[in-house]
Amino acid sequence: MTESVEFRLDPVNECLWRRTASGQYERVLLTRAEFGVLDHLVENAGRLVTQREILDAVWPRTAIEPQAVKNKVFHLRRALDDDPKRPRYIETLSRRGYRFVGKIERGGIEDVHVPPRSARLVGRDGALTELLRHVRAAAAGRLQTIFVTGEAGIGKTALTEELQRQITASGLTMRVARGQCVEGFASREAFYPVLEAVGELCRSPDAARVVETLAGRAPTWLVQFPALMTRQYRETLQQEMLGATRERMLREICEALEAIAAPKPLLLVLEDLHWGDPSTLDLISALARRHGPARIMVVATYRPSDVARSAEPLRTLKRDLVARHLCREIALQPLSEAEVGEYLAGRQPRADVPPELASLLHRHTEGNPLFMIAVLEHLVESGLVARDHEAWRLLRPAAEISLVVPDSLRQMIGAQIEQLGENEQRVLEVAAIVGMSFAPAICAPSADIDVGDFDECCDSLARRGHMLRRAGTRTLPDGRVVQRYAFVHTLYREVLYERQAPARRAMLHRRRAERLEEVF
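Let us look at the structure shown here. (Residues numbered from 1 in each chain as written. Predicted model: local features only at pLDDT ≥ 70, side-chain atom pairs only at ≥ 80, totals over all residues. Heavy atoms only, no water.)

Thoughts on the packing of helix α4 (residues 125–139) against helix α5 (residues 156–169)
Put simply, α4 and α5 touch, their axes get as near as 10 Å, and they point 55° apart. Judged on the interaxial angle alone, α5 and α4 are oblique. For α4 against α5, the interelement crossing comes out right-handed. From α4, Ala127, Leu128, Leu131, Leu132 and Val135 reach across to α5, where they touch Leu159, Glu162, Leu163, Gln166 and Ile167. (Axes fitted to C-alpha atoms, helices over the stretch in contact; angles between N-to-C directions. Helix = DSSP H or I, 4+ residues; strand = E, 2+ residues; numbered from the N terminus. Parallel < 35°, antiparallel > 145°, perpendicular 65-115°, else oblique. Left-handed = near helix turned anticlockwise from the far one by under 90°. Contact = heavy atoms within 4.5 Å.)

Considering helix α15 (residues 355–365)
Along α15, the positions that sit buried rather than exposed are Leu357, Ala358, Leu360, Leu361, His364 and Thr365. Within α15, the buried residues cover an arc of 160° as seen down the axis, which keeps them to one side. Looking one or two residues past α15, Glu366 carries a phi angle of roughly 55°, positive in sign. (Buried < 20%, exposed > 50% of the residue type's maximum accessible area, 1.4 Å probe, protein only. Arc of directions from axis to C-beta.)

A short note on the pattern of salt bridges
Tallying each qualifying case throughout the model produces 28 salt bridges. The closest approach of N and O atoms between Glu271 and Arg178, which form a salt bridge, is 3.4 Å. Here Arg178 lies in strand β9 (residues 175–180) and Glu271 lies in strand β10 (residues 266–271), a separation of 93 residues in the sequence. Looking at Glu271, the relative accessible area reads 7%, which means it is buried. Owing to a relative accessible area of 10%, Arg178 belongs among the buried residues under this scheme. Across the pair Arg499 and Glu418 runs a salt bridge whose closest N-O atoms are separated by 2.4 Å. Note that Arg499 is positioned in the loop between α21 (490–498) and α22 (502–519) and Glu418 in helix α17 (residues 407–418), a separation of 81 residues in sequence. Assessed through its relative accessible area of 33%, Arg499 is described here as partly exposed. Connected through shared salt-bridge partners, Glu130, Arg133 and Arg328 make up one network. (Salt bridge = Lys/Arg side-chain N within 4 Å of Asp/Glu carboxyl O.)

Looking at the side chain of His40
Mapped onto the elements of the fold, His40 is located in helix α1 (residues 32–43). Sequence-distant contacts of His40, defined by excluding residues within four places in its chain, comprise Val49, Glu53, Ile54 and Ala57.

Looking at the packing of aromatic side chains
A complete count under the given rule lists eight aromatic pairs for this structure. Relative to Tyr492, the ring of Phe371 has its centre 6.0 Å away and its plane inclined at 90°; by these criteria the two rings are edge-to-face. One end of the pair, Phe371, is in helix α16 (residues 369–381); the other, Tyr492, is in helix α21, and 121 residues separate them in sequence. You'll find Phe371 and Tyr492 in the same group, each marked buried. (Phe/Tyr/Trp six-rings, centres within 6.5 Å; stacked < 30°, edge-to-face > 60°.)

Digging into the packing of helix α3 (residues 67–80) against α16
Between α3 and α16, the shortest axis-to-axis distance is 10 Å and the interhelical angle comes to 70°. Relative to α16, α3 is oriented roughly perpendicular. When the axes of α3 and α16 are compared, the crossing they make is left-handed. For the pair α3 and α16, the contacting residues are Gln67, Lys70, Asn71, Phe74, His75 and Arg77 in the first and Leu370, Ile373, Ala374, Leu376, Glu377 and Glu381 in the second. Looking at side-chain class alone, the contact of α3 with α16 contains five nonpolar, three polar and four charged residues. (Nonpolar A, V, L, I, M, F, W, Y, C, P; charged D, E, K, R; others polar.)

Here it is in structure tokens:
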């Protein structure tokens, strides 16, 4: 590295500045989580920082998959143009964590106006345009309720973070508060993600006004934050709190949020609503149905597959709000092969991206952004793919690169499988023996499972969009028309196949061959 410092870390604006050859600075846009990871690494430069430490520092009191750290580091390396094989900034210590080995100064760039670099989220232009339209409507006093849906890893959080950056870049003054539902005991606490979001407002630059509004309009909420309770507030609110109920808390927070948003519009982001508690759903319903002007936009993200299994009230709520035209749904779809190539090119319009690499990533991940990033990182770490400045290179012919599921994804997918019922797991394991697509009428008998039960299980999973999708029909030699299904992702099938003992796989392969011989 040259003697001059190439980057500066700006803690005020939560961004990274890069020094160009001309001596000027350009802004490198980072998400809040990416900035948090980099800031923690720089603050602890020279020593080992474990994944657990990063999770606790960047996502305190929140259940986040360890894979999130790996993904953020991957993006940071791209921003820093850092090679994991020859790191100048972030060194990976296998199975232990990371060490920051470079030099980045802290501080903003004074008296220099630098327009943000374009950081368009690949494949999400339509969704961003629609969200920004709803932002303008909320700013005009028309309350907006938006559900952003999609499978795990599809980019729901990335979309809401990009929306926040777009709002800032547009010059619109807007409060932003985020809360995350958490699987486990916390998800049963009334208003859990809303409390997290309100707590963020109470730490904002305008915290004094927010606290004053809570004291006057929502005392049952102010007492949830003991650190904000002055002696005067305690004495004043002691009588107010007598007989406090969940219904009162709901009424109070609706009025308080409207008051907080009156001088400055409020964007309230509630993530992973499939783990949400009933009180939070009641709040979304109450806000969406309120009459009169309100400068509030609620954006709630969730995975439909988990809603069908564990949070039916959310499905019911959304159906009712949609029927009454009180909400909108933005369903995120996987990236196309062209969009995968666009992602690889990044912000370099003349970047050299081999079409075979884009095709390989799309074929292995079906366009799921999280899976794509993990597989790409695995290919780089395995010495199969390399990037030199603006050019990507395949170090082995694409046809010779076989699919290996990265450990991080194997753990994540394995956790999803374990959440399924025992019968569902058994059905999927049998289907994985067959291949990417299968017909229950053919493969169920080879596993001694009733065909009707097998088909019903597959249909249920497909309706939820969980691991399976419908794949048309097939006509058998005896004239019967049977339903076919396919795995949503190759990676799901690979994990389900690998988790079975070799002897069991051999037995199921033999029984399937016998069944095929019988049918055909």
